[in-house]
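Overview (structure and organization)
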Amino acid sequence: MSTQLLIESLNTEALKNDIPKMDVGDTINVHCRIVEGDKERIQVFQGVLISWKGRGINEMIRVRRIVNDEGVERVFPLHSPRIAKFEVVRRADARRAKLYFLRDRVGRSRRLRDRRRAMEHVKGEMTVQQ
């Protein structure tokens, strides 16, 4: 067995299976395990998923939120044991793979269009081709 295949097989055991379907533009809650001394607690970070990169064990997401009129971004490894769970709060319609342009936006222009409203024009039609 080659070294690459050995590494891949070890990494597949560490991958999480309970990650929900989320896309760039969605507002998500990331439940992080915080260790303080001998105590452990869960802290929730809610924000907009602005980028997704990597594959396998190296998958990373970047989540952005606004705190006191200041943008805060955190990068989370998807398969980290420090992440308790992910929750999708709101789905949004994003037309790009990376939403870095949100860093320059202020006020209402920062908001993304809701995915349900974006699909209203195709109510009667099937969205998936057979």
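Here is what the cut-offs are and how they apply
- Residues numbered from 1 in each chain as written.
- Predicted model: local features only at pLDDT ≥ 70, side-chain atom pairs only at ≥ 80, totals over all residues.
- Heavy atoms only, no water.
- Patch = residues over 30% accessible without salt bridge, like charges linked within 9 Å, V, L, I, M, F, W, Y side chains within 5 Å.
- Areas by Shrake-Rupley, 256 points an atom, 1.4 Å probe, with all protein chains shown as cover.
- Salt bridge = Lys/Arg side-chain N within 4 Å of Asp/Glu carboxyl O.
- Helix = DSSP H or I, 4+ residues; strand = E, 2+ residues; numbered from the N terminus.
- Polar contact = N/O pair within 3.5 Å; in protein donor to acceptor, adjacent residues only side chain to side chain.
- Pairing = 2+ DSSP bridges.
- Axes fitted to C-alpha atoms, helices over the stretch in contact; angles between N-to-C directions.
- Buried < 20%, exposed > 50% of the residue type's maximum accessible area, 1.4 Å probe, protein only.
- Contact = heavy atoms within 4.5 Å.
- pLDDT = per-residue confidence, 0-100.

Quick look at a nonpolar patch on the surface now. Together, Met1, Leu5, Leu6 and Leu10 line one region of the surface with nonpolar side chains, adding up to about 470 Å² of accessible area. Along the chain, leucine 5 turns up in helix α1 (residues 3–14).

Bringing the environment of glutamate 36 into the picture now. Mapped onto the elements of the fold, glutamate 36 is located in strand β1 (residues 27–36). Among the polar contacts listed, one links the side chain of glutamate 36 to the side chain of arginine 41, at a separation of 3.2 Å.

Both strand β3 (residues 60–67) and strand β4 (residues 70–77) contribute to a ladder of eight bridges, which runs antiparallel. Note on β4: the bridge partner recorded for methionine 60 is proline 77.

Sheet architecture is open: five strands sit in the order β4-β3-β2-β1-β5, paired in antiparallel fashion. Either end of the sheet is taken by a strand with one partner, and the two such strands are β4 and β5 (83–90). Neighbouring strand axes in the sheet, compared pairwise and without regard to direction, differ in orientation by 40 degrees on average. Pairing analysis gives ten bridges linking β1 to strand β2 (residues 39–53), with the strands arranged antiparallel. Across the sheet, arginine 33 pairs through a bridge with isoleucine 42, a residue of β2.

What follows covers the environment of histidine 79. Here histidine 79 is to be found in the loop between β4 and β5. Under the relative-accessibility criterion, histidine 79 is labelled buried at 11%. Separated by 21 residues in sequence, histidine 79 and asparagine 58 place their C-alpha atoms 7.9 Å apart. Each residue touching histidine 79, except ones within four places of it in the same chain, is listed here: Ala14, Leu15, Lys16, Ile19, Gly56, Ile57 and Glu59. Reaching out from histidine 79, the side chain makes a polar contact with the backbone oxygen of glycine 56 at a distance of 3.4 Å.

Going through the model one piece at a time under the given rule, you end up with ten salt bridges. Of the charged contacts in the structure, one is a salt bridge between glutamate 36 and arginine 41, with a shortest N-O distance of 3.2 Å. Residue classification places glutamate 36 among the partly exposed positions, given a relative accessible area of 40%. Put simply, glutamate 87 and lysine 85 hold a salt bridge, and the shortest N to O gap is 3.4 Å. Counted as one network, the salt bridges with shared partners bring together Arg62, Arg64, Glu73 and Arg103.

Confidence in the prediction for the protein chain averages 86 pLDDT; 89% of positions are at 70 or higher. Ignoring residues within four places in sequence, the model shows residues 122–130, a span with pLDDT below 50, making two contacts including any to other chains.

Moving on, we come to unusual backbone geometry. One non-glycine residue, asparagine 68, lies in positive phi territory at about 55 degrees. Summarising the element assignment, asparagine 68 is placed in the loop between β3 and β4. Judged by its relative accessible area of 73%, asparagine 68 is exposed. Phi at aspartate 69 is positive, roughly 60 degrees, even though this residue is not glycine. Note on placement: aspartate 69 falls in the loop between β3 and β4.

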